[in-house]
Amino acid sequence: MSRTGSLYVEGKSFFHRMDGAVKLIMLLSWTIITFLFLDLRIFAVMLTAGIAMLLTTGIPLKRMSFLFWILTVFTVLNSVFILLLTPRFGTTLTGSHTPLIPLGYNTINQETLFYVLTLSLKYLTLLPITLLFIFTTHPSKFAASLNKLGVPYKMAYAVSIAFRYIPDLTQEFRTILNAMQMRGLGISRGDGNLRRRLKNLSLIVVPLLQSSLQHIESVSDAMDLRGFGTGRTRTWYMGTIMSIMDKLAIVLCVLLLFLAIFLKLQVFRGFWYPF
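Before going into details, it helps to say that this report is about the structure given with it. Just so you know, these numbers come straight off a predicted model, no measurement behind them.

**Points about the overall build of the chain**
Assigned secondary structure in the chain consists of 11 helices and two strands. Listing every helix and strand of the chain by position from the N terminus yields α-α-α-α-α-β-β-α-α-α-α-α-α. Overall, the C-alpha framework of the chain stretches about 65 × 60 × 35 Å when taken along its three principal axes. Within the chain, residue pairs in contact and separated by at least 24 positions form 74% of the contacts whose partners lie at least 6 positions apart. Put simply, the chain shows about 16,800 Å² of open surface, and 68% of that area lies on carbon and sulfur atoms. A gap of 5 Å separates the mean positions of the 26 positive and 11 negative side-chain charges of the chain.

Next up, the structure:
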């Protein structure tokens, strides 16, 4: 966790200097483009470009590993469920059926396997830009940028607090988990079967929820005592002015979005299956 109390990592890269609102526009444009297509070739190009942009930020890989593994586990579980529940779904997209892996009750075909690969790459394509946005965006500067775009300052400040609270919530979870383990609550592999460990882990929810509510109440009281929300407008200590590069980045995002829509309507209309 950085000195800002958030996931923000200080740096001097181009994306660190970029206005927070511009990065939000870039993230939204990237997400829309990703969900427009179902083409492995496009996702491969976008993933390569996203990784290249992420590497230019100089963010340590250890800082990103937790979020990386969360998305990886989600992607793997999603793929397994698709293969087990709808082993012939790819046939509805391609019109062909190539048996590959027998399951007893059905057969996973080559078309479904390729569809799962494409879908997994689609989710992974979102990862670099999401990590870039999270780790290079200062919460206070981002809130000021949102307010500058016309978002009410109360809502913008709520977003800033949410960014700051994610690491606090993670740290509180670890603190409660360690305290319960010291009292004999089994969470590790050698502490019983999976059902028992999940039941023990669920006991953390109540104290974590109570601690979160207390923290929210403390922040709310502090903001009320300082008169937050009494005025229609407010100034921002960390407000920034969009540079020429920021404006060019917005124009580029808009152009790429229109290009993607054109390609979707004229070239890459459906699911790409080369076999």
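On we go.
**Some words on the nonpolar core**
Core analysis: the biggest nonpolar cluster contains 51 residues, and Y115 and F135 have the highest contact counts within it. Broken down by secondary-structure element, the contributors of at least two residues to this core are α2 (20-36), α3 (40-55), α4 (61-85), α6 (110-136), α7 (139-148), α8 (153-182) and α11 (244-266). In terms of residue count, the dominant contributor to this core is α6 (14 residues). Y115 has contacts with L38, I82, F89, L93 and F271, leaving out every residue within four places of it along the chain.

**Quick look at α2**
Here α2 spans 24 Å end to end across 17 residues, near enough to the 24 Å set by a 1.5 Å rise per residue. Within α2, the full set of buried residues consists of G20, A21, V22, K23, M26, L27, S29, W30, I33 and T34. At its buried positions, α2 is contacted by α1 (14-17), α3, α6, α7 and α11.

**Brief notes about the environment of Q181**
Note that Q181 resides in helix α8. Separated by 19 residues in the primary sequence, Q181 and N200 place their C-alpha atoms 9.7 Å from one another.

**Examining a nonpolar patch on the surface**
Taken together, the side chains of V73, V76, L77, V80, F81, L84, L85 and Y105 define a hydrophobic patch exposed on the protein surface, amounting to about 800 Å² of accessible area. With a relative accessible area of 46%, L77 lands in the partly exposed category.

**Considerations on α7**
Summarising burial for α7: seven of the 10 residues are buried, a large majority. G150 lies just past α7 and shows a positive phi near 110 degrees.

**Some thoughts on the side chain of T107**
Looking at where T107 falls in the secondary structure, it is placed in strand β2 (residues 107-109). Apart from the residues within four sequence positions on either side, T107 is in contact with P87, R88, P99, L100, I101 and P102.

**Examining the pattern of salt bridges**
Applying the stated criterion to the full structure yields one salt bridge. The shortest N-O distance in the salt bridge between D39 and R41 comes to 2.8 Å. The class for R41 is partly exposed, based on a relative accessible area of 38%.

**Thoughts on the environment of G150**
With respect to the helices and strands, the residue G150 is situated in the loop between α7 and α8. Along the primary structure G150 and F271 are separated by 121 residues, whereas in three dimensions their C-alpha atoms are 38 Å apart.

**With respect to the packing of α8 against helix α10 (residues 205-225)**
Where α8 contacts α10, the two axes come as close as 10 Å, and the packing angle between them is 145 degrees. The crossing of α8 and α10 is right-handed. In this structure, α8 contributes Y157, I161, Y165, D168, L169, E172, F173, I176 and M180 to the contact, and α10 contributes P207, L208, S211, S212, H215, V219 and M223. When its residues are assigned to classes, the contact of α8 with α10 shows 11 nonpolar, three polar and two charged.

Definitions and cut-offs
Residues numbered from 1 in each chain as written. Predicted model: local features only at pLDDT ≥ 70, side-chain atom pairs only at ≥ 80, totals over all residues. Heavy atoms only, no water. Helix = DSSP H or I, 4+ residues; strand = E, 2+ residues; numbered from the N terminus. Contact = heavy atoms within 4.5 Å. Areas by Shrake-Rupley, 256 points an atom, 1.4 Å probe, with all protein chains shown as cover. Lys, Arg positive; Asp, Glu negative; His and termini not counted. Charge placed at Lys NZ, Arg CZ, Asp CG, Glu CD. Core = buried A, V, L, I, M, F, W, Y, C linked by side-chain atoms within 4.5 Å. Buried < 20%, exposed > 50% of the residue type's maximum accessible area, 1.4 Å probe, protein only. Expected span 1.5 Å × (residues − 1). Patch = residues over 30% accessible without salt bridge, like charges linked within 9 Å, V, L, I, M, F, W, Y side chains within 5 Å. Salt bridge = Lys/Arg side-chain N within 4 Å of Asp/Glu carboxyl O. Axes fitted to C-alpha atoms, helices over the stretch in contact; angles between N-to-C directions. Left-handed = near helix turned anticlockwise from the far one by under 90°. Nonpolar A, V, L, I, M, F, W, Y, C, P; charged D, E, K, R; others polar.

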